[in-house]
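Architecture and fold: a report
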Amino acid sequence: MDDTGPSASPGRASSEAGLRIGQLSRRVGVSPDVLRAWERRYGVLRPQRSRSGQRLYTSSDETRVRQMLGHIERGYSPAVAARLAAREGPASAATAPAADVAPTADLSALAAELRTALLGLDEARAEDVIDRLLASYALDTVLREAILPFLHDLGDLWSRGAITVGQEHFATAVITGRLHALARGWDAGVGPRAVVACPSHERHDLGLLCFALALRNRGWRVWYLGADTPAAAIDGVATQLEADLVVVSAVRAEPLVDAATDLAEIAGRRRMCLGGRGASPALAARIGAQALPEDPIAAADLVSAARNA
Amino acid sequence: MDDTGPSASPGRASSEAGLRIGQLSRRVGVSPDVLRAWERRYGVLRPQRSRSGQRLYTSSDETRVRQMLGHIERGYSPAVAARLAAREGPASAATAPAADVAPTADLSALAAELRTALLGLDEARAEDVIDRLLASYALDTVLREAILPFLHDLGDLWSRGAITVGQEHFATAVITGRLHALARGWDAGVGPRAVVACPSHERHDLGLLCFALALRNRGWRVWYLGADTPAAAIDGVATQLEADLVVVSAVRAEPLVDAATDLAEIAGRRRMCLGGRGASPALAARIGAQALPEDPIAAADLVSAARNA
Amino acid sequence: MDDTGPSASPGRASSEAGLRIGQLSRRVGVSPDVLRAWERRYGVLRPQRSRSGQRLYTSSDETRVRQMLGHIERGYSPAVAARLAAREGPASAATAPAADVAPTADLSALAAELRTALLGLDEARAEDVIDRLLASYALDTVLREAILPFLHDLGDLWSRGAITVGQEHFATAVITGRLHALARGWDAGVGPRAVVACPSHERHDLGLLCFALALRNRGWRVWYLGADTPAAAIDGVATQLEADLVVVSAVRAEPLVDAATDLAEIAGRRRMCLGGRGASPALAARIGAQALPEDPIAAADLVSAARNA
DNA sequence: ATAGGTTTTGTCAAGCTTTTGTACAT
DNA sequence: ATGTACAAAAGCTTGACAAAACCTAT
């Protein structure tokens, strides 16, 4: 097994913490006392705690310590080494020699870093990059320039067999979690109501999630039903809410085709849009819905503009 | 998911169940006592029972134990190892006991940490805490439970001389920056239009900023003019946009009183609300506006609900 | 920020600081006592100081010492060798930063679009333009070529009555928000510490914000106190942090004049610079501070360069 | 170069709690 | 088989300490 130990599987990502101080100490060759002192004095490490107060370190804490050791060996005092390590962030210093971390890294650099982090199963770093992206750029931009291109890539890589299913799952899980977090409180307020879902047998809902975020960002109230939702369920929610809009999206055409009859029935009573690569204008026409562009942001613009017009 | 046993398919489980504790113990090299303790303490194993109550383990229990041993060997404590093994196993979701880690982000703990960080002039840590808050809680919650109480405290501490003006300025600057960042893209979309400002001579606009965020979160499009805005300016923007609502907020009453005549003039043509501690119902009535509760979130609720009603 | 690599700009050097005297001594083979003596007598080295006063050398200090050693070996007296080394030093850092690469969007067109968007109260578009600016150009460039000129224009237009106060407030609010967001992580790293504020009764802090960003970009750690900060507050924070530098900036002269006595008191204990249009060399001299050019970027260059001189 | 004072940083101890394997009584 | 008890191991916090490294000043 590799030296990152327990971090290989996707679901574990956010709760990977588990190393206790003694073990970390043995791994990096720094006494527990020193580890605690470093935490207290420089705040380099901020391990999770168990309910009883025991420190639980992640493997990124381990690399952090190693970075510090590297700096110390190079002659820096522990205090300085700590600041340097802190500034390097969760990312590994080994690969980025002396590159100063810019306060405002540029968009494509951040996008690239996100990709590296996610394919490298480094969740902490991925979260950090997403934080920096969102801090520096508007949500639409982050989605359009970083998240969506990455998802696109991911599909490519996967279909070429260039990455493992585990990597794909991991990346998907991290992004999903993050986008969902952004989407809290979707249904509050005054905007028009949209019900948003993938049809039965369509399990890829990340594009839909981006679309939903963009739509929310344009003032809509969104009820997000997610992947694999039967047409009847969509209809039920839409009816209960008296939704102004129903959006159904799929990557492949089949799920939409299969649900076409039921969807047409809904479209007869309510504004409906079809999104995703699986939605052709022809199919939309047959169902009585509006076809949306493949790009989720553009789709949100279109939906939103149509209403204003 | 089923609750009858540890493996995914019930049928197979029962057909395989048969290992008794002594046998399993010898196979995996873990004493029966320990196996029982693990079951009791971590719930890793849930063997079937024979008629007489004896434990009957399946082969998947065996792999489960081996996984645990592997994790322990890699340095994890038995408690953590159990959690990890539970995650991996086929029956993960159903049987996994609550993880033993302290909740990553306890709201009040995070709020306290935010306070410590800001008063200690530690920006990086403050940002980190805010990140964690936003990652775990809805914006409304973060504002209501962490940001606003802190701002309140800040006023208190300052008036009691418990903190320096410098600390107050610093904290204000950090929070302002952060909230503004959250507010990007305020005017996009389809919602009703609100113009939001403090009157001339009112320079505290943080409460207003929270209100604006909450309002945006409820689907409104917001134009934020900020502190110290003359009534004429407010009117100009409101007219240019054909705003549906104008909100004016002040901590003290004077700025509102001073601007009362001009504001009344605007209120004659447009829905207007007065917010902040400086806004009394009496004053609002005189101006022809609606008084809002002091709490920005409640105010946003009210504004938003009134429109829906 | 530039993209020329880690060692090109003078400010960058200071962010690398961290070597303590013992380590430097071992590296170059000169005793700590001698290093201190050279510093005192010839001023060849001007290391940063840690909070407790420890000297923190950069790697360029190391080459400086080596140059001196070379000259001494060639027979010059230490005094002469020091002068020679001093003359050589700065020259080595003379590699000019490269221009921005391959602009994806035309700078002046984007600047114009920004202006249109902001004056038209179109926030979403403004944010998008800023995103594109930041994605294509270095921060310094964006500030110098787009943001600052626009702010300048804004003042002009306003004074000519060509725009309403509302437009001005709106534009200011958007830009403020954006710049604050870029400023995350201001206090990270190991660079020298700067406290940055406008004096009491000065409420325009946008120029200061640009300056602070530029300074941060040159490796300084910045504590931003913002507008309208009493001298006592500035002093308090500077003391708490043992800041290496205090910068006070105002658009008009009065606020600075009013605070002159208190500021002079601070300047007696700490390096201080005065910035903004309100800062005249005469006033600076009276206070015992250094006057900075009006242009925030140039000011940051000066502050940062002076340190290595 | 020396002297005298301060800061930094790794270590250690005391006192207490939690974890966990093992033992024992029912 | 179950539940309780127990003790060793490992942690936690607080506080203190001493060697090393620095600082200033003479």
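Treat the numbers as computed from the prediction; the structure is a model and nothing was measured.

Calculation notes
Residues numbered from 1 in each chain as written. Chains lettered and ligands numbered in written order. Predicted model: local features only at pLDDT ≥ 70, side-chain atom pairs only at ≥ 80, totals over all residues. Heavy atoms only, no water. Salt bridge = Lys/Arg side-chain N within 4 Å of Asp/Glu carboxyl O. Helix = DSSP H or I, 4+ residues; strand = E, 2+ residues; numbered from the N terminus. Pairing = 2+ DSSP bridges. Contact = heavy atoms within 4.5 Å. Axes fitted to C-alpha atoms, helices over the stretch in contact; angles between N-to-C directions. Core = buried A, V, L, I, M, F, W, Y, C linked by side-chain atoms within 4.5 Å. Buried < 20%, exposed > 50% of the residue type's maximum accessible area, 1.4 Å probe, protein only. Lys, Arg positive; Asp, Glu negative; His and termini not counted. Phe/Tyr/Trp six-rings, centres within 6.5 Å; stacked < 30°, edge-to-face > 60°.

**Re the pattern of salt bridges**
- Across all of its chains, the model carries 56 salt bridges over all chains by this definition.
- Measuring nitrogen to oxygen at the nearest pair gives 2.9 Å for the salt bridge that ties Arg27 of chain B to Glu62 of chain B. Here Glu62 of chain B lies in helix α4 (residues 59-73) and Arg27 of chain B lies in helix α2 (residues 21-28), a separation of 35 residues in the sequence.
- Members of the salt-bridge network, linked through shared partners, are Arg46 of chain A together with Glu113, Arg125, Asp128 and Arg132 of chain B.

**Digging into the sheet that holds strand β6 (residues 272-275) of chain A**
Residue and element names in this part refer to chain A.
- Within the open sheet, the five strands sit side by side as β4-β3-β5-β6-β7. Their pairing is parallel. The open sheet has two edge strands with one neighbour each: β4 (221-229) and β7 (290-291).
- Bridge analysis of strand β3 (residues 193-199) against strand β5 (residues 245-249) gives four bridges, and the strand direction is parallel. Looking across to β5, one finds that Ala197 is bridged to Val248.
- The sheet contacts of helix α10 (residues 231-241) involve β3, β4 and β5, and relative to β4 the element is tilted by about 165°.
- Its contacts with the sheet place helix α11 (residues 253-267) against β3, β5 and β6, and it is angled at close to 165° to β6.

**Details of the nonpolar core**
- Membership of the largest hydrophobic core comes to 137 residues, with the highest contact counts inside it found for Val195, Met272 and Leu274 of chain B together with Leu179 of chain C.
- If sequence neighbours within four positions are ignored, Leu179 of chain C has contacts with Leu143, Ile147, Leu206, Leu209, Cys210 and Leu213 of chain C.
- The next biggest cluster of nonpolar side chains, apart from the first, holds 82 residues, and it includes Leu118, Trp186, Val222 and Ala299 of chain B.

**What to know about the side chain of Glu168 of chain B**
Residue and element names in this part refer to chain B.
- Secondary-structure assignment places Glu168 in helix α10 (residues 165-182).
- For the buried Glu168, which has no salt bridge, the nearest side chain bearing the opposite charge is Arg203, at an N-O separation of 8.9 Å.
- The residues contacting Glu168, other than those within four sequence positions of it, are Leu154, Trp158 and Ile163.

**Remarks on the packing of aromatic side chains**
Residue and element names in this part refer to chain B.
- For the structure shown, the criterion picks out one aromatic pair over all chains.
- Ring centres 5.3 Å apart and planes at 70° place the aromatic pair Trp186 and Tyr224 in the edge-to-face group. One end of the pair, Trp186, is in the loop between α10 and β3 (193-199); the other, Tyr224, is in strand β4 (residues 221-229), with 38 residues separating them in the sequence. Taken as a pair, Trp186 and Tyr224 share a single burial class, namely buried.

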